[in-house]
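Okay, here's what each chain looks like letter by letter:
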Amino acid sequence: MDIYCKPDCGNSPKRELVKQLTQYFAAYDLENAMQFMATDVVWTLVGDTPIQGKEAFKSALEEMGTNKTKELTIQGIVTHGKEAAVHGEMLMEDGNRFGFSDFYEFTSAKASTVKSIRSYVVPIH
């Protein structure tokens, strides 16, 4: 998978974590991604029913893992307190392209444990 991301000053550990999580999810590297999820994490893929719990989240991602990401472009990451947001585009191996935004809530401002994720994914034609 090719990864493109604007360079930054490198002073934000939370920003780096969100960048890493985005890469893990795009690569379906669930073993690494799941270590940062709270046991009771809630994932809302806007338009679908929220998925509650770490195991249910992992299962949902495993079902989606058949169409691999060929190219990931992270266009921006913003963090503040216990919240963070990332947006970009993904080109899939089947040729489909998607725009995405993920909004993270962590258990606290200093924590690296994800309490919830709200994802917006739209096809790009």
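Residues numbered from 1 in each chain as written. Predicted model: local features only at pLDDT ≥ 70, side-chain atom pairs only at ≥ 80, totals over all residues. Heavy atoms only, no water.

**Student:** Looking at this model, I keep getting lost on the overall build of the protein chain. Mind explaining?
**Tutor:** When helices and strands are counted, the protein chain shows three helices and seven strands. The secondary structure elements of the protein chain, listed N-terminal to C-terminal, are β-α-α-β-β-α-β-β-β-β. Here the protein chain has a C-alpha radius of gyration of 14 Å; the compact-globule value for 125 residues is 14 Å, and the two agree. When the backbone C-alpha atoms are referred to their principal axes, the protein chain occupies close to 40 × 35 × 25 Å. Here the protein chain, with 125 residues, has 38% of them falling under the buried criterion. A fraction of 46% describes how many contacts in the protein chain between residues 6 or more apart in sequence connect residues 24 or more apart. For the protein chain, the exposed surface amounts to about 7200 Å²; the carbon and sulfur share of it is 50%. Of the charged side chains in the protein chain, 13 are positive and 17 negative, and the gap between their average positions amounts to 7 Å. (Helix = DSSP H or I, 4+ residues; strand = E, 2+ residues; numbered from the N terminus. Rg over C-alpha atoms; globule rule 2.2 N^0.38 Å. Buried < 20%, exposed > 50% of the residue type's maximum accessible area, 1.4 Å probe, protein only. Contact = heavy atoms within 4.5 Å. Areas by Shrake-Rupley, 256 points an atom, 1.4 Å probe, with all protein chains shown as cover. Lys, Arg positive; Asp, Glu negative; His and termini not counted. Charge placed at Lys NZ, Arg CZ, Asp CG, Glu CD.)

**Student:** Is there a simple way to explain the UniProt feature "domain: SnoaL-like" (unreviewed entry) in the protein chain in this structure?
**Tutor:** In the numbering used here, UniProt assigns the feature "domain: SnoaL-like" (unreviewed entry) to residues 18-106. Across residues 18-106, helical content stands at 28% and strand content at 48%; the span's end C-alpha atoms are separated by 11 Å. (UniProt positions renumbered as here; feature names shortened; annotations may be inferred.)

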